[in-house]
Amino acid sequence: MFQCDIPAVPTLQQDDEAIRITRYDFEPGAVTGWHQHGWPYFVIMLTDGILRIHNGSEITDVPLKQGQSYMRAAGITHDVMNGSDHPIAFVEIEVKNPAALTRMMLA
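Residues numbered from 1 in each chain as written. Predicted model: local features only at pLDDT ≥ 70, side-chain atom pairs only at ≥ 80, totals over all residues. Heavy atoms only, no water.

Student: If you had to explain the sheet that holds strand S7 (residues 69-72) to someone new, which residues and values would you point to?
Tutor: The antiparallel open sheet is built from 5 strands, whose spatial order is S1-S2-S9-S4-S7. Two strands lie at the open edges of the sheet, namely strand S1 (9-15) and S7, each paired on one side alone. Geometrically, the sheet is characterised by an average inter-axis angle of 20° between neighbouring strands, direction not taken into account. With 6 bridges connecting them, S1 and strand S2 (residues 19-26) associate as antiparallel partners. Considered in S2, the bridge of Gln14 is made with Ile21. (Pairing = 2+ DSSP bridges. Helix = DSSP H or I, 4+ residues; strand = E, 2+ residues; numbered from the N terminus. Axes fitted to C-alpha atoms, helices over the stretch in contact; angles between N-to-C directions.)

Student: Account for the sheet that holds strand S8 (residues 77-82), with residues named and values stated.
Tutor: Within a sheet, adjacent strands bond to each other through the backbone by hydrogen bonds, running parallel or antiparallel. Taken in spatial order, the 4 strands line up as S3-S8-S5-S6 in an open sheet, and their pairing is antiparallel. Pairing within the sheet leaves two strands with one partner each, and these edge strands are strand S3 (35-36) and strand S6 (59-64). Here 4 bridges tie strand S5 (residues 49-54) to S8, and the two strands are oriented antiparallel to one another. Residue pairing in the sheet places Leu51 in a bridge with Asn82 of S8.

Student: I'd like a rundown of the nonpolar core, residues and numbers included.
Tutor: Core analysis: the biggest nonpolar cluster contains 13 residues, and Tyr24, Phe26, Met45, Leu51, Val80, Ile88 and Phe90 have the highest contact counts within it. Counting residues per element, the ones that place at least two in this core are S2, strand S4 (41-45), S5 and strand S9 (88-95). If you tally residues by element for this core, the top one is S4, at 3 residues. If we ignore the near neighbours within four places in the chain, the residues touching Phe90 are Thr22, Arg23, Tyr24, Phe26, Val43, Ile44, Met45, Leu46 and Leu51. Membership of the second largest hydrophobic core comes to 5 residues, among which are Ile19, Ile21, Val91 and Ala100. (Core = buried A, V, L, I, M, F, W, Y, C linked by side-chain atoms within 4.5 Å. Buried < 20%, exposed > 50% of the residue type's maximum accessible area, 1.4 Å probe, protein only. Contact = heavy atoms within 4.5 Å.)

Without other data, these values stay purely geometric and don't point to any function.
As C-alpha cells, this is what we get:
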C-alpha cells in the first residue's frame, strides 16, 4: 500500500534561515517516505493529481487541481503517495522563521 518502491524526487530550490522551497516530482505510485515537518508548510500543485496521504492510522485520497494549494501545521507525521495514474508534481514551502521572512520582505 505505502511501500516505497518508487521514491518521489525532491529538488531543493531554496533553503535559507527563513524558508525552504522544494519541488517534488512523483511517478504513479511514488511516495515521499515517512516524515515529519519541523515547520508549518504550504503545498502548491503544479499538476492535477491525487495525493494519497497516510497519517499512521488512516489513508485519505485528496484530489487536487493544478494551482490548488493547502497549508498544514508543523509536527504531523505522514507519508504521501501519488494516487494518480500519471506523474504529478508540487512545490512545498516550509516557513522556518517567520520573523526573518518578514525582514526579507521589508528590506
